[in-house]
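Given next are the chains, with one letter for each unit.
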Amino acid sequence: MDNETLTITDNRTDQTYTVPISRGTIRAMDLRQIKTGADDFGLMTYDPAFMNTASCQSAITYLDGDKGILRYRGYPIEQLAENCTFLEVAYLLLNGELPTEDELGSWNREVLRHTMIHEKLKKVMEGFNYDAHPMGMLMGAVAALSTFYPDARNIFDPASRNEQISRLIGKMPTIAAYAYRHRLGLPYVYPDPELCYTKNYMNMLWKRTEPKYAANPVIAHALEVLFILHADHEQNCSTNTMRAVGSSHADPYATTAAAIAALWGPLHGGANEEVLRMLDEIGKVSEIPGFIAQVKDGKRKLMGFGHRVYKNYDPRARIIKRVAEQVFEVTGRNPKLDIALELEKIALSDEYFIKRKLYPNVDFYSGIIYQAMGFTPDQFTVLFAIPRTVGWLAQWQELLGDADQKIARPRQVYIGQDARDVVPFAQRGKLQTVTA
Ligand code: CMC
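Criteria and thresholds
Residues numbered from 1 in each chain as written. Predicted model: local features only at pLDDT ≥ 70, side-chain atom pairs only at ≥ 80, totals over all residues. Heavy atoms only, no water. Helix = DSSP H or I, 4+ residues; strand = E, 2+ residues; numbered from the N terminus. Rg over C-alpha atoms; globule rule 2.2 N^0.38 Å. Buried < 20%, exposed > 50% of the residue type's maximum accessible area, 1.4 Å probe, protein only. Pairing = 2+ DSSP bridges. Arc of directions from axis to C-beta. Contact = heavy atoms within 4.5 Å. Axes fitted to C-alpha atoms, helices over the stretch in contact; angles between N-to-C directions. Parallel < 35°, antiparallel > 145°, perpendicular 65-115°, else oblique. Left-handed = near helix turned anticlockwise from the far one by under 90°. Nonpolar A, V, L, I, M, F, W, Y, C, P; charged D, E, K, R; others polar. Phe/Tyr/Trp six-rings, centres within 6.5 Å; stacked < 30°, edge-to-face > 60°. Lys NZ or Arg CZ within 6 Å of the ring centre and 35° of its normal. Near = heavy atom within 4 Å. Polar contact = N/O pair within 3.5 Å; in protein donor to acceptor, adjacent residues only side chain to side chain. Patch = residues over 30% accessible without salt bridge, like charges linked within 9 Å, V, L, I, M, F, W, Y side chains within 5 Å. Areas by Shrake-Rupley, 256 points an atom, 1.4 Å probe, with all protein chains shown as cover. Salt bridge = Lys/Arg side-chain N within 4 Å of Asp/Glu carboxyl O. Core = buried A, V, L, I, M, F, W, Y, C linked by side-chain atoms within 4.5 Å. Expected span 1.5 Å × (residues − 1).

Caption draft 1: A look at the overall build of the protein chain. Scanning the protein chain from terminus to terminus reveals 18 helices and 5 strands. Relative to the compact-globule value of 22 Å for 436 residues, the protein chain shows a C-alpha radius of gyration of 25 Å, a close match. Taken along its principal axes, the extent of the C-alpha atoms in the protein chain is 80 × 65 × 60 Å. For the protein chain, the residues scored as buried account for 48% of the 436 residues in total.

So, in structure tokens, the structure goes:
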């Protein structure tokens, strides 16, 4: 459209500028021409936390936060969760299309071929303290993979890139399961390539002395769905980290380790662990009003509520609630569910939450299911990291093929001291006293 432009008048100079609008955005660099004089650097935008800045173009995930819509490569999340396996969705995210039967067969084999880890990586993991947090172990082990696969630095070689992608997706459940068993003092269980992705993960988590692990199909299906729901979520904090670190052309293991670090924070993927701790602290339904009052006083946060983009019910939380019922039929009902449901009911009818459009997010119910399955809260964020690795790698791959991208390097608005001279050591105290 010819009129897809923005005209700006700089009232400091009375100059007018016209900049193009493309896909609802203007290029920040187009503002640089707006200057008060030859010495002026030019106008910048100030946007801490990227509240209104698109950092990339992406064809992977579509999210409409006001309508509560989430789609991977155009497919609604509800349909993918209903009809697909996790590795099918992983293929879709990485390649843009759902696989044919043949493509899925070779993709499954390719990923499962990589589920073993080097014995020396096992030793690295054995070196962690008995009570090491599983996210710390995961992050450390994934970073250590860089040292085992130096060819991963060939990030512009598509064959090497594909090899690292299937390698990392294959190894994540193994590393995660070893971290789980390490805390319990149990011997690590080797992957079983005859099992599918989630059943093999369950085998490595929970196999004891039986010759062949038999996974409960309801739990395996629930894990598939939970993995699909967590696989990508466009430019969230950890994906932005993946892209920022990837933009320096670090290898995919180092880059993924950085994304894991970002995910671990309690405002991001670490929230699922915090939700369970919060529910434990609340303890019983009668304590909820007192807790809500503390949240409204700004003393506490209702963990698992709120989202930067969703200002309507998180569609993933809706699906998780349904999965919870299926899991509880096998495991028995987690009593925390009653507290969570009541908390949700009270919060959703309270003016504080309605005004701020705070709804349950993906982390509100996932921990309750994971706990019923037998995971301790410190494992919950690991269960987020395994599937999100697919999204991180899809976004990393897209970044490397995007001619618009360069090393990520934001500008700043300097608010510190003007230039000044270093005062000799002996005079510093005196000078501070004089100027105080
Ligand atoms: N409990 C109470 N008040 C909240 C909450 C909450 N969980 N979240 C936001 N608010 C309030 C916030 O205090 C602010 O109020 P006011 O306007 O009076 O200052 C208002 O709502 C807007 O919040 P914000 O902090 O400006 O929102 P944000 O977009 O910067 O933060 C968030 C988003 C997810 C970090 C935040 O909602 C939060 O901390 N939630 C709890 C942690 C959580 O559940 N995180 C998981 C996110 S979803 C999964 C993932 O992507 O990892």
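So, next bit.
Caption draft 2: Spotlight on the sheet that holds strand β3 (residues 61-64). Taken together, 3 strands build an open sheet; the order of strands is β3-β4-β5 and the sheet is antiparallel. Edge strands, defined here as strands with exactly one partner in the open sheet, are β3 and β5 (75-76). Where strand β4 (residues 69-72) meets β5, 2 bridges bridge the pair, whose relative direction is antiparallel. From the neighbouring strand, Arg71 faces β5, where its bridge partner is Pro76.

Caption draft 3: Geometry of helix α4 (residues 119-126). Burial in α4 covers these residues: Leu121, Lys122 and Met125. Looking straight down α4, one finds its buried side chains confined to an arc of 105°; they lie on one side. In α4, those exposed residues whose orientation departs by more than 90 degrees from the buried face are Lys120 and Lys123. Summarising the contacts, the buried residues of α4 are in contact with α5 (134-148) and α6 (158-184).

Caption draft 4: The arrangement of the pairing of β3 in detail. For β3 and β4, the ladder comprises 4 bridges, and the chain directions are antiparallel. Opposite Tyr62, over in β4, you have Arg71 as the bridge partner. Adjacent in sequence and paired antiparallel, β3 and β4 are bridged by 4 residues, among which Gly68 carries a positive phi angle near 70°.

Caption draft 5: The packing of helix α13 (residues 315-331) against helix α16 (residues 362-373), seen in detail. Where α13 meets α16, the closest approach of the two axes is 9 Å, and the angle between their N-to-C directions is 15°. On the basis of the axis angle, α13 is roughly parallel to α16. The two elements α13 and α16 cross, and the hand of that crossing is left-handed. Between α13, through Arg316, Ala317, Ile320, Lys321, Val323, Ala324, Val327, Phe328 and Thr331, and α16, the contact on the second element is made entirely by Val362, Tyr365, Ser366, Ile368, Ile369, Ala372 and Met373.

Caption draft 6: Seen up close, the side chain of Thr115. With respect to the element layout, Thr115 can be found in the loop between α3 (101-113) and α4. The class for Thr115 is buried, based on a relative accessible area of 3%. The residues touching Thr115, leaving out its near neighbours within four places in the chain, are Gly170, Lys171, Thr174, Pro191 and Asn200.

Caption draft 7: Inspection of the packing of α4 against α6 at higher detail. Between α4 and α6, the shortest axis-to-axis distance is 10 Å and the interhelical angle comes to 40°. Judged by the angle between their axes, α4 and α6 are oblique. Where α4 crosses over α6, the two elements pack in a sense that is right-handed. Across from Leu121, Lys122, Met125 and Glu126 in α4, the residues of α6 making contact are Ile175, Tyr178, Ala179 and His182. The residue inventory of the contact of α4 with α6, partitioned by class, reads 5 nonpolar, 1 polar and 2 charged.

Caption draft 8: Representation of the packing of aromatic side chains in the model. Applying the stated rule across the entire model yields 15 aromatic pairs. Ring geometry for Tyr352 and Phe353: centres 5.0 Å apart, planes at 70°, overall edge-to-face. Note on Tyr352: relative accessible area 21%, which makes it partly exposed. The exposure class of Phe353 is buried, given its relative accessible area of 1%. Directly above the aromatic system of Tyr149 lies the positively charged group of Arg167, at a separation of 3.7 Å from the ring centroid.

Caption draft 9: Summary view of the site of the ligand. Among the 21 residues in the neighbourhood of the ligand, the closest are listed as Leu267, His268, Lys301, Leu302 and Arg308. Within the contact set of the ligand, an oxygen atom lies 2.5 Å away from a side-chain nitrogen or oxygen of His268. Here a nitrogen atom of the ligand sits 3.1 Å away from a polar atom, N or O, in the side chain of Tyr352. Here the residues of the shell around the ligand are counted per class, giving 11 nonpolar, 6 polar and 4 charged.

Caption draft 10: Seen up close, the pairing of β4. Residues Leu70 and Tyr72 point to one face of β4 and are all buried, whereas Ile69 and Arg71, pointing to the other face, are not buried. Two successive antiparallel strands, β4 and β5, enclose a turn made up of 2 residues, where Arg73 displays a positive phi of approximately 50°.

Caption draft 11: Fine view of unusual backbone geometry. At Arg23, a position not held by glycine, the phi torsion is positive, near 50°. Tracing the backbone through its elements, the reader meets Arg23 in the loop between β2 (15-20) and β3. Positive phi values are uncommon outside glycine, yet Lys357 reaches one of about 55°.

Caption draft 12: Seen up close, a nonpolar patch on the surface. The grouping of Phe41, Met44, Tyr46, Val413 and Ile415 at the surface amounts to a nonpolar patch, some 590 Å² of accessible area in total. Considering the arrangement of structural elements, one finds Ile415 in the loop between α17 (380-400) and α18 (425-435). Given the relative accessible area of 79%, Ile415 is considered exposed.

Caption draft 13: Fine view of the nonpolar core. Membership of the largest hydrophobic core comes to 118 residues, with the highest contact counts inside it found for Tyr72, Ile169, Tyr201, Met278, Met373 and Phe375. The greatest single-element share of this core, amounting to 13 residues, is contributed by α17. Here Ile169 is in contact with Leu87, Leu94, Trp107, Val111, Tyr197, Val390 and Leu393, once residues within four sequence places are set aside. Listed in part, the 5 residues of the second largest apolar core include Tyr17, Val19, Leu31 and Ile34.

Caption draft 14: Layout of α6. Between its first and last C-alpha, α6 extends 40 Å over 27 residues, near the 39 Å set by a 1.5 Å rise per residue. Where burial is concerned, most of α6 is hidden: 21 out of the 27 residues are buried. At the N-terminal boundary of α6, the capping side chain belongs to Asp157, with an oxygen 3.0 Å from the backbone nitrogen of Ala159. Immediately downstream of α6, the backbone of Gly185 shows phi near 75°, a positive value.

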